[in-house]
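Architecture at a glance
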Amino acid sequence: MAWRNKGDELSPHPIQTLPPAISRWATSDCGAPYVHERIGIDAGPDVLVTALVHGNEYAGAIAVHELLASGWQPACGRVTFAFCNVAAFEQFDAQAPDASRYVDEDFNRVWSKQRLASSDSTTELLRARQLQPYVARATHLLDLHSMHEPATPLLVTGTLQRNIDFAQGLQTSAQVIIDTGHADGVRMRDHGEFSNPHGHRIALLLEAGQHWQMSSVHATRDTLMRFLTRAGCLAKADILPGWLLPDRTPPVPVRVTDRVVAQSMDFAFTSGFTGGEVIAKAGTVIAVDAGQRITTPYDNCMLVMPSVRQLRPGVTTVRLGRQISLVPDRNDVSPQNPNR
């Protein structure tokens, strides 16, 4: 079962893919360890592709490892590849695969100016400071992730219209998710100029599917090729054979309006939700937290990335969203209640 009942422990999902052997990329060609650049002959975009932001999410690392090993070069511009939280990845254990998400704290919550400039010295902060110059210079960011539960891939765009348009233009089946980030810290895709409503930089976060399913690797390869092509540094004729999936008409974007944050360890979903479920009626009970019922706030409410695999008080267990019929012609399409 994907949901937690009292006294039950969640069993890990089957591991269909092996962790990639990335040690060959430890020595960098451009400064920080596990960071590699590929530069085209002509000027062009400055693209950053990041994998292993969470140590147990290695579908992205498989794709990056394969692309680097192929000898690929961009047609123009510069593409930088970064294996991020290698310290957490090195702790991966197939017998406890959820345990290596991070070492000290979530790498994808430390990207505020205040945290980066603080005197804190966690494993994740030290690595983020190494990578910050590459994030700051990028005109385009593709952050490669995967999900706790099996679900349709998602492209998380933030709230800026330019990112929504870019994601929809990739022509994949991934569900575009419009959100404002997390209350407990700033993500890399929201860092600095990526959040400037008057800027031009593009940042997408791919949730490719369940961490260790082969389908997540396929979705990652496909999205990576499409992202590089749309950014302007990869010619369609140079797409790696077998990496591209058929074009799809993307679904209508979904705007996150609410978040359910666990208040206790006594949290349980009422069914085995994995993500993408649309709950028809407002007021439907979807979870119980220490006896308190959690209900949908409106009709046709979509559940986005429900999971209790990292359950603890303060952790988001599910996001709630609704399809948008028309995105307003303005940069900020923030939900009214982003941190509920």
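Here, every reference points to the structure presented above.
To keep things clear, this report deals only with the structure shown in the data block. Keep in mind the model is a prediction, meaning the values are calculated, not measured. Starting afresh in each chain, residues are numbered from 1 along the sequence in its written order. Whole-chain, interface and lining totals are the exception, using all residues; otherwise, since this is a predicted model, local features are given only for residues with pLDDT of at least 70 and side-chain atom pairs are given and counted only at 80 or more. Neither water nor hydrogens contribute to the side-chain values; these are computed over all heavy atoms in the structure.

**Digging into the sheet that holds strand 9 (residues 267-269)**
Under the convention used in this document: For two strands to be treated as a pair, DSSP must find at least two bridges joining them. Secondary structure elements are taken from DSSP: a helix is a run of H or I of four residues or more, a strand is a run of E of two residues or more, and numbering for both begins at the N terminus. Axis lines are fitted to C-alpha atoms, over the contacting stretch for helices. Their N-to-C directions set the angle, which ranges from 0 to 180 degrees.
Strand order in the open sheet formed by three strands is 9-11-12, with antiparallel pairing between adjacent strands. Only two strands of the sheet have a single neighbouring strand rather than two, namely strand 9 and strand 12 (292-295). Geometrically, the sheet is characterised by an average inter-axis angle of 25° between neighbouring strands, direction not taken into account.

**Observations regarding the packing of aromatic side chains**
What counts, and what does not: Any Phe, Tyr or Trp ring, taking Trp's six-membered ring, that has another such ring centre within 6.5 Å forms a pair; planes under 30 degrees apart are called stacked, those over 60 apart edge-to-face, and the others tilted. Type-normalised accessible area, obtained with a 1.4 Å probe on protein chains alone, sets the label of each residue: buried when under 20%, exposed when over 50%, and partly exposed for intermediate values. Geometrically, a lysine NZ or arginine CZ counts as sitting over a ring once it is within 6 Å of the ring centre and also within 35 degrees of the ring normal.
Enumeration over the complete set of coordinates arrives at nine aromatic pairs. An angle of 85° between the planes, with centres 5.2 Å apart, marks the rings of Phe267 and Phe269 as edge-to-face. On the basis of relative accessible area, Phe269 is assigned to the buried category, the value being 5%. Put simply, the rings of Tyr58, Phe89, Phe92 and Trp212 touch in pairs and so form one group of aromatic residues. Lying across the ring of Tyr298, Arg322 places its NZ or CZ 3.8 Å from the centre.

**Concerning the environment of Pro20**
The condition is simple: A contact between two residues is defined here by any heavy atoms of the two lying within 4.5 Å.
Position of Pro20 among the secondary structure elements: in the segment before strand 1 (35-39). Residue classification places Pro20 among the buried residues on the basis of a relative accessible area of 10%. Here the alpha-carbon distance between Pro20 and Ile294, two residues 274 residues apart in the chain, equals 40 Å. Residues in contact with Pro20, not counting those within four places in the same chain, are Tyr58, Ala61, Ile62, His65 and Phe89.

**Considerations on the packing of helix 1 (residues 59-69) against helix 6 (residues 214-231)**
The test is simple: Convention used here: angles under 35 degrees read as roughly parallel, angles over 145 as roughly antiparallel, angles from 65 to 115 as roughly perpendicular, and any remaining angle as oblique. Left-handed describes a crossing in which the near helix is turned anticlockwise from the far one by less than a right angle; the clockwise case is right-handed.
Following both chains from N to C, one finds helix 1 and helix 6 inclined at 55°, their axes separated by 8 Å at the closest point. Taken together, the axes of helix 1 and helix 6 lie oblique to each other. In terms of crossing hand, the pair formed by helix 1 and helix 6 is right-handed. Across from Ala59, Gly60, Ile62, Ala63, Glu66 and Leu67 in helix 1, the residues of helix 6 making contact are Ser216, Val217, Thr220, Arg221, Leu224, Met225 and Leu228.

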